[in-house]
Amino acid sequence: MDRIGPVSGLGMRTCLAGRVAQVHRDGEEFSVVTEDWQRVRARRVLVTTGLVDELPDVPGLAARWGRDVLHCVYCHGWEVRDRAIGVLGSFHQALLFRQLSEDVTLFPHGGAELTEEQWEQLAGLGVGVVEGQVGALVIDEGQDRLTGVRLVSGVTVPVQELVVAPRFVARAGFLDGLGLTVQEHPMGLGEQVKADGSGFTGVAGVWAAGNVSDVLAGVPQAMAAGVGAAVAINRNLLLDDAGRAAESRTAVPGSGAFRGAMEAEVSRRVLGTRVHGLEGLPHEG
Ligand SMILES: Cc1cc2nc3c(=O)[nH]c(=O)nc-3n(C[C@H](O)[C@H](O)[C@H](O)COP(=O)(O)OP(=O)(O)OC[C@H]3O[C@@H](n4cnc5c(N)ncnc54)[C@H](O)[C@@H]3O)c2cc1C
């Protein structure tokens, strides 16, 4: 494990390269333990562990993920414009990618039955539909690229790109002990850690940002969520520190700056009625 830090001028910052296996509450703090048993104590935790894309179980598909097996029209739609695009199991994805190519083929692949209306819409947009289970991807190994989709029936349909609709699952299993709430995405696209607008998870001391709490976030949203959570954590720590500072003054009399009530009490005990200007006035015991 590499340890980098402290960074001069910024106080103590430590960056550990390692995989967190567990985070658990330890008194008022947290104990973060890596897979190789490094332990770090933390007053607050910000979870940014992203998500797992659960891909369709088609042989050869995972190996092409992020290359010619795609999912996000806003991420790589432009790069695949005007190409022969197959879409696996998602009517919605077929409509999205139809914006960028006239050559789109939907493979329902045993997914939800298309309604009459959807059939009409696909026909109107010129999207082909090839029914039957997809059994494999056809790869040109020499060129290292996708060339087609092979159905279990043996029929091969040429495509250059294959669009899928993965289920997005927050990578938060290792945080089970913290009591975070993992909930279904409102559009049924997967599951994510519950958090409010500041990233606060509802569990004292724990914030989340990025895909782990918003499976649809792209890079800009994930970055912004990180900034928002950092601001919220900073505020939370400041208030905590201010509270502790006030408590410590109460606990150790005379340790801080002037406090009116305490000075008055000292004067009363030491000087009694001899305080200048108060001689002769009635006073308590
Ligand atoms: C193929 C593909 C293409 C994409 N293209 C785009 C694009 O063009 N534009 C765009 O805006 N978005 C794109 N996205 C989405 C983008 O990747 C995410 O929005 C972004 O990465 C989310 O950032 P994040 O910090 O929440 O999570 P991530 O970037 O996934 O970061 C999570 C980090 O946590 C680490 N981690 C996980 N578990 C642990 C653990 N237990 N201990 C320690 N570390 C851990 C991971 O190793 C990882 O480094 C694409 C996604 C995919 C899959």
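Definitions and cut-offs
Residues numbered from 1 in each chain as written. Predicted model: local features only at pLDDT ≥ 70, side-chain atom pairs only at ≥ 80, totals over all residues. Pairing = 2+ DSSP bridges. Helix = DSSP H or I, 4+ residues; strand = E, 2+ residues; numbered from the N terminus. Axes fitted to C-alpha atoms, helices over the stretch in contact; angles between N-to-C directions. Near = placed C-beta within 6 Å. Nonpolar A, V, L, I, M, F, W, Y, C, P; charged D, E, K, R; others polar. Contact = placed C-beta atoms within 7 Å. pLDDT = per-residue confidence, 0-100.

Read from one edge to the other, the open sheet built from three strands follows the order β12-β13-β14, with strand pairing classed as antiparallel. Looking at the sheet topology across the chains shown, the edges are occupied by β12 (134–140) and β14 (156–158). Neighbour-to-neighbour, the strand axes of the sheet open up by a mean angle of 30°, direction not taken into account. In this structure, β12 lies alongside strand β13 (residues 145–151), joined through six bridges in antiparallel fashion. Residue valine 138 lies in a different strand from β13, and its bridge partner there is glycine 148.

So, on to the site of the ligand. As a structural note, the neighbourhood of the ligand is formed by 17 residues, with Gly50, Cys75, Gly210, Gly218 and Val219 the closest of them. When the residues that make up the shell around the ligand are grouped by side-chain class, the tally is seven nonpolar, seven polar and three charged.

Once that is clear, we can look at the environment of phenylalanine 30. With respect to the helices and strands, the residue phenylalanine 30 is situated in strand β4 (residues 29–34). Leave out the neighbours within four places in its chain, and phenylalanine 30 touches Val23, His24, Arg25, Ala42, Val45 and Gly205.

So, about the sheet that holds strand β5 (residues 39–42). Taken in spatial order, the three strands line up as β3-β4-β5 in an open sheet, and their pairing is antiparallel. Edge positions in the sheet fall to β3 (20–26) and β5, since each of these pairs with one other strand and no more. With direction set aside, neighbouring strand axes in the sheet form an average angle of 20°. Note that β4 and β5 share four bridges and pair antiparallel. The residue of β5 that forms the bridge with valine 32 is valine 40.

Turning our eyes to something else, we now look at the confidence of the model for the protein. In low-pLDDT regions, the fine details of the predicted coordinates are not to be read closely. Here the protein averages 89 in pLDDT, while 84% of its residues score no lower than 70. A low-confidence stretch, residues 1–11 stays under pLDDT 50, and its non-local contacts, those more than four residues away or across chains, total 17 contacts. Taken as a whole, residues 280–285 scores under 50 in pLDDT and shows four contacts with residues more than four places along the chain or in a different chain.

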